[in-house]
Amino acid sequence: GVPLPPEEFYEGYPQIENGVGMLRSFETEFGFGLEDLDGMRDAICLPRRISVATGVAAYGQMKRLCDALASMIPGLEITVYEIVNHFFGETITVAGLLTGKDMAEQLAGRDLGDEVLVPENTLRADGDLFLCGMTPCELSERLGVPVRISPNDGGALLTALLGTNQDTPIYDASRPGEEEVDQHE
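An account of the accompanying structure is given in this report. (Residues numbered from 1 in each chain as written. Predicted model: local features only at pLDDT ≥ 70, side-chain atom pairs only at ≥ 80, totals over all residues. Heavy atoms only, no water.)

1. Notes on the overall build of the protein chain
Part 1: Along its length, the protein chain carries 6 helices and 5 strands.
Part 2: For the protein chain, the sequential pattern of α-helices and β-strands runs α-α-β-α-β-α-β-α-β-α-β.
Part 3: Out of the 185 residues in the protein chain, the part that is buried amounts to 45%.
Part 4: Here the analysis covers contacts within the protein chain between residues at least 6 apart in sequence; of these, 65% occur between residues at least 24 apart.
Part 5: Summing over all exposed atoms, the protein chain offers an accessible surface of approximately 9600 Å²; the carbon and sulfur share of this is 52%. (Helix = DSSP H or I, 4+ residues; strand = E, 2+ residues; numbered from the N terminus. Buried < 20%, exposed > 50% of the residue type's maximum accessible area, 1.4 Å probe, protein only. Contact = heavy atoms within 4.5 Å. Areas by Shrake-Rupley, 256 points an atom, 1.4 Å probe, with all protein chains shown as cover.)

Next comes the structure, spelled out in structure tokens:
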């Protein structure tokens, strides 16, 4: 793809809610997180194998960021999956309009590792359902691994990838009676 313009180009991100500058902001936040990586190393439980689901539009950037992080942490393996939007149509390429149904169908049968990270903006505003009506716990059940909801922030993604962010919701269908797993146990 085309390289992103520098951060100054976005003039403080006045249109970020419309998606303008979102990728650049995300990359900048991820970079700040990388600067703090040495302070987080002791909290990382390795080996760790994780999968990331994202839309077509962000796939290249997400793969590049995840590959860079994995190269810095021996024992961390990250696989990024590009999910095509069949629910709304293949011309819809943003992660925010991905559905649980599309993720379940396209990730089924794959070795997803310890958990799958899913962008927070794939859920309704209440955070309980994907746009197709599936719950994150149902997605976990269909995939056979826990599903972690990753905030739309590059630094939060980095800590979710490392498993050090205790504030990101995890849904694990293998733990009956628990929609969301309490990470502070």
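2. Re the sheet that holds strand S3 (residues 115-119)
Part 1: Read across the sheet, 5 strands follow the order S2-S1-S3-S4-S5 without closing on themselves; strand pairing throughout is mixed. In this open sheet, the two edge strands, each paired with only one partner strand, are strand S2 (76-83) and strand S5 (170-171).
Part 2: As paired strands, strand S1 (residues 48-55) and S2 are joined by 8 bridges and run parallel to one another. Paired with Thr54 across the strands is Glu82, a residue of S2.
Part 3: The strands that helix H4 (residues 100-107) touches are S1, S2 and S3; relative to S2, the one it contacts most, it runs at about 120 degrees. (Pairing = 2+ DSSP bridges. Axes fitted to C-alpha atoms, helices over the stretch in contact; angles between N-to-C directions.)

3. Let's talk about the side chain of Asn85
Part 1: Checked against the element boundaries, Asn85 lands in the loop between S2 and H4.
Part 2: There is a polar contact of 2.8 Å between the side chain of Asn85 and the backbone oxygen of Leu97.
Part 3: With near-sequence residues (within four places) excluded, Asn85 lies in contact with Glu90, Ile92, Leu97, Leu98 and Asp102. (Polar contact = N/O pair within 3.5 Å; in protein donor to acceptor, adjacent residues only side chain to side chain.)

4. Comments concerning the side chain of Asp102
Part 1: Within the fold, Asp102 resides in helix H4.
Part 2: Buried and without a salt bridge, Asp102 has Lys101 as its closest oppositely charged side chain, separated by 5.4 Å.
Part 3: Ignoring sequence-local partners within four residues, the contact set of Asp102 consists of Ile83, Val84, Asn85, His86 and Phe87. (Lys, Arg positive; Asp, Glu negative; His and termini not counted. Salt bridge = Lys/Arg side-chain N within 4 Å of Asp/Glu carboxyl O.)

5. Notes on H4
Helical geometry: 3.6 residues make up each α-helical turn, so side chains three or four residues apart lie on a common side.
Part 1: The element H4 is largely enclosed, with a buried count of 6 among its 8 residues.
Part 2: Buried residues of H4: Gly100, Asp102, Met103, Ala104, Gln106 and Leu107, and no others.
Part 3: Gly109, located one to two residues past H4, shows a positive phi value of around 80 degrees.

6. Describing the environment of Leu161
Part 1: With respect to the element layout, Leu161 can be found in helix H6 (residues 154-162).
Part 2: Taking the C-alpha atoms as reference points, Leu161 and Leu117, separated by 44 residues in sequence, lie 7.8 Å from one another.
Part 3: Those residues in contact with Leu161 that lie beyond four places of it in its chain are Phe30, Arg48, Ile50, Val52, Cys66, Leu69, Leu76, Ile78 and Leu117.

7. Some remarks on the packing of H4 against helix H5 (residues 136-143)
Part 1: Orientation of H4 relative to H5, taken along the N-to-C sense of each, is 10 degrees, at an axis distance of 10 Å. The angle between H4 and H5 falls in the class roughly parallel. Note that H4 runs across H5; the crossing there is right-handed. Taken together, the residues of H5 that come into contact with H4 (itself represented by Gly100, Met103, Ala104, Glu105 and Leu107) are Leu139, Arg142 and Leu143.
Part 2: Along the lines of polarity and charge, the residues of the contact of H4 with H5 split into 5 nonpolar, 1 polar and 2 charged. (Parallel < 35°, antiparallel > 145°, perpendicular 65-115°, else oblique. Left-handed = near helix turned anticlockwise from the far one by under 90°. Nonpolar A, V, L, I, M, F, W, Y, C, P; charged D, E, K, R; others polar.)

8. Observations regarding the pattern of salt bridges
Part 1: Per the counting criterion, the structure on display carries 10 salt bridges.
Part 2: Salt-bridge contacts for Arg48 lead to Glu115; the nearest nitrogen and oxygen are separated by 2.8 Å. Residue Arg48 is found in strand S1, and its partner Glu115 is found in strand S3; the two are separated by 67 residues along the sequence. No difference in accessibility class separates Arg48 from Glu115, as the two residues are buried.
Part 3: Here Lys101 ties to Glu105 by a salt bridge, and the two come within 2.6 Å at their closest N and O atoms.

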